[in-house]
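Here is what each chain is made of, one letter per residue.
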Amino acid sequence: MQQIFSLQGTIMNYAWGGTDFLPQLLRVPNPDHRPFAEYWLGAHASASSAIKWEGQPIFLKDAISNDPVDFLGDKVYQQYKGLPFLLKILDVASILSIQVHPTIEQATAGFYREEAAGIPIDAAHRNYKDRNHKPEMLVALSDFWLLHGFKSPELITKILEDIPEFNQFKPLFLREGLAAVYQLVMEMSGEDAFHWLLPLVKRELRKKREAQLNQTDPGWWVAKLYDKEEAITQIDKALFSIYIMNIVHLHPMESLFQGAGQPHAYLQGQCVELMSNSDNVLRAGLTNKHIDVPELIRLTRFETTFPQIKSGEPSESGEKLYLAPVKDFSLAAISLRGETPLHHVAISPEIVVVISGSATIDGGDTYFPGEAFYVCPSTNYTLSTEHESTLFRAFVP
């Protein structure tokens, strides 16, 4: 059986995406300047990649279903019954929705609860699309900014003291904690939130225009949300989150992992993202999608987060390993140089994508930026290049 397959991913044109990075990487024309947000590489049921099988295209999910042991290996098949990870390339031009993801137990219970209630799987108000958790790991390809977990109680107390619009929440925070404050904010009506937050937004817009803010300031991102609007008619109450969450700046090739219940939102930049094969998302705003406040509060970990930024661990093979604290996936960055080929044996199913330069497999097929291939387990292969090239390899550890 063929062991390595050219892989064609799926482009997602979400509104928050950029218009240049992914079209240039994938060599896809974009004359209408549509937002190209994500490029999916995997076997997700809603957007499976395709491989070429005997010269004909076939969805990867169908190829795996037809021959699971050859495509996954017996161990991965027995444990997961499918490809357990989903690899993405993201271009974040504007702020994503603030969100959390469930544990496997929460996802399974939620999935069956919504099935029993007769909620269609594609319904806009459905929370649980599958029975899987969705831990995520990202590696920055550019300077990358995101919200990641909550600040310490001391810092949140100071924020509630320093910002006039937030003063009212300090007694509740000291008495009942952050979850009580967050629930109060999230249950506020749109009209009340508008009148409450309009003075704050106007103040942040003025400060940004006068160059009093930078990207480490919450106000910079709040102003970015509204600085293209001629007249502000609606304000998202979830912008409160920007003040109480950690603003994290990743440099290229730095990594961060985000587990179940950890609130987060991407703010700006390009990255490679690897996650479990799931689409379960509970949102907290900055989005026009469904928000379920009680379920969001129930799943969110209202605890202090100290961001654990990783730079990758050098391996004997010359790769840089980004090992996730879950069994579903890990990531390796491959830096190829002309004089040093990489000899590798796949211990699991793998997806490899070229970010820059090129990569030739076993002296045969050559892959260029944006191109990817799928490797069946137990495959021995060699990657070489005539340039300096960067690739990412997703695998099951």
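About the thresholds
Residues numbered from 1 in each chain as written. Predicted model: local features only at pLDDT ≥ 70, side-chain atom pairs only at ≥ 80, totals over all residues. Heavy atoms only, no water. Helix = DSSP H or I, 4+ residues; strand = E, 2+ residues; numbered from the N terminus. Buried < 20%, exposed > 50% of the residue type's maximum accessible area, 1.4 Å probe, protein only. Polar contact = N/O pair within 3.5 Å; in protein donor to acceptor, adjacent residues only side chain to side chain. Contact = heavy atoms within 4.5 Å. Phe/Tyr/Trp six-rings, centres within 6.5 Å; stacked < 30°, edge-to-face > 60°. Pairing = 2+ DSSP bridges.

J.: Please set out the side chain of E204 residue by residue, giving values where relevant.
T.: You can see E204 is positioned in helix α9 (residues 190-209). A relative accessible area of 6% means that E204 is categorised as buried. Polar side-chain contacts of E204 include one of 2.7 Å to the side chain of Y243. Apart from residues no more than four positions distant in its own chain, E204 is found in contact with L213, G219, V222, A223 and Y243.

J.: Account for the packing of aromatic side chains, with residues named and values stated.
T.: Applying the stated rule across the entire model yields 20 aromatic pairs. With centroids separated by 6.4 Å and ring planes inclined at 45 degrees, the aromatic side chains of W196 and F240 adopt a geometry described as tilted. Remark: F240 occurs in helix α11 (residues 240-244) and W196 occurs in helix α9; sequence separation between them is 44 residues. By the burial criterion, W196 is buried, and F240 matches it. A centroid spacing of 4.9 Å and a plane angle of 45 degrees characterise the contact between Y367 and F373, whose relative ring orientation is tilted. Per residue, the accessibility class of Y367 equals that of F373, and both read buried.

J.: So what's going on with the sheet that holds strand β18 (residues 350-356)? Which residues, and what values?
T.: Read from one edge of the open sheet, 9 strands run β5-β4-β1-β21-β18-β23-β16-β15-β14, paired in antiparallel fashion. In this open sheet, the two edge strands, each paired with only one partner strand, are β5 (56-59) and β14 (313-314). Here strand β15 (residues 320-322) runs beside strand β16 (residues 330-336); their pairing, made up of 3 bridges, is antiparallel. Looking at the pairing, K320 lines up with A333 of β16.

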